[in-house]
Amino acid sequence: AKKKKGRKEEEGKEDEEADPPPDEELDYLDGDEPDHSLGEGGRAMQRQRAKEWVERRGRLQELKKKRDAALARLRDATAAKDVASLQEAVRLGVAARMQGRSGGRPWRFQELTAAMALLARLSAREQQAAQQRAQLAELAALPLRAEALGADRQRNRYWLLGDGCGRGRLYVEEITAPWPAAPPPPPPPAG
C-alpha cells in the first residue's frame, strides 16, 4: 500500500514539476544525411547505416507531424476552454509523446502543461457546479412552501411543513413586535 501511495504522490509531482523537453526530443533530423563513409565494415555496413538513418528520419518526421497536429489541437482547445476538446487534445498530446522522462526527470511540452492545468481547473469547476445542482435538486424535492398559509390578528404566520399528503406539522411563526396602535378616532362632525 505504501508503494502505491508513494507512486501517486510522485505522479502528482510530475504534473507540477515537469521540465521543458530536452533538445534530443526536438531533433527531427531535418538536415542532410550524415556521412556514411567506408569506415569499418565495408559497403554492406554503409548501406545498413544509411537504411537505419532513413528509417529513423521517417519515424521522427511522422512524430513531428503528430506533435504539430496535437499542438494545434491543444492551442484551439485551450482557447475554446471546452472540457471535452481539452481532454481529446491532451490525449493526442500524450499519444504524440509530448511528455516523458529524460535522465530521471520528467519533461513536458509547455502547451500540454498549460492544457492539463486548464483542464484540471475546468473539471473542478464543473464538478463543483454539478454538486450545487444536485443540492438544489435535493432542496427542490423537499415539501416546503414558499408562501405562508396565512396570518392572524397578531401577525403570526402559519406554515404547513410535511410531505404534501396532509401529514406534517403546522409551524407558527410568532411576530413579537406589536401591531401599530390604532389611529385616533376622527373628530366629531361639527354642527
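For the structure itself, consult the block above.
About the criteria used
- Residues numbered from 1 in each chain as written.
- Predicted model: local features only at pLDDT ≥ 70, side-chain atom pairs only at ≥ 80, totals over all residues.
- Heavy atoms only, no water.
- Helix = DSSP H or I, 4+ residues; strand = E, 2+ residues; numbered from the N terminus.
- Buried < 20%, exposed > 50% of the residue type's maximum accessible area, 1.4 Å probe, protein only.
- Contact = heavy atoms within 4.5 Å.
- Areas by Shrake-Rupley, 256 points an atom, 1.4 Å probe, with all protein chains shown as cover.
- Phe/Tyr/Trp six-rings, centres within 6.5 Å; stacked < 30°, edge-to-face > 60°.
- Axes fitted to C-alpha atoms, helices over the stretch in contact; angles between N-to-C directions.
- Left-handed = near helix turned anticlockwise from the far one by under 90°.
- Nonpolar A, V, L, I, M, F, W, Y, C, P; charged D, E, K, R; others polar.
- Expected span 1.5 Å × (residues − 1).

What follows covers the overall build of the chain. Scanning the chain from terminus to terminus reveals four helices and five strands. Taking all 191 residues of the chain together, 18% fall into the buried category. A fraction of 48% describes how many contacts in the chain between residues 6 or more apart in sequence connect residues 24 or more apart. On the chain, roughly 14,900 Å² of surface is accessible, and the fraction owed to carbon and sulfur atoms is 53%.

A word on the packing of aromatic side chains. Geometrically, a pair of aromatic rings is defined through the distance of the ring centres and the angle of the planes. Applying the stated rule across the entire model yields one aromatic pair. Ring centres of W107 and F109 lie 6.3 Å apart, and the angle between their planes is 55°; on these two criteria the pair is classed as tilted. According to the relative accessible area criterion, W107 is buried, its value standing at 5%. Among the residues examined, F109 registers a relative accessible area of 8% and is labelled buried.

Running from amino to carboxyl end, helix α3 (residues 83-95) crosses helix α4 (residues 110-141) at an angle of 145°, the nearest separation of the two axes being 10 Å. Considering how the two elements wind past one another, α3 and α4 form a crossing that is left-handed. Seen from α3, the contacting residues are V83, L86, Q87, V90, G93 and V94; seen from α4, they are L112, A115, M116, L118, L119, L122, S123 and E126. When its residues are assigned to classes, the contact of α3 with α4 shows ten nonpolar, three polar and one charged.

Moving on to helix α2 (residues 42-80). For an α-helix, 3.6 residues make a turn, and residues three or four places apart therefore share a direction. Counted at 1.5 Å a residue, the expected span for α2 with its 39 residues is 57 Å, and the 57 Å between its end C-alpha atoms agrees. Among all positions of α2, only A50, W53, L60, L63, R67, A70, L71, L74 and A77 are buried. On its buried face, α2 sits against α3, β2 (105-108) and α4. Looking one or two residues beyond α2, the residue adopting positive phi is K81, at roughly 55°.

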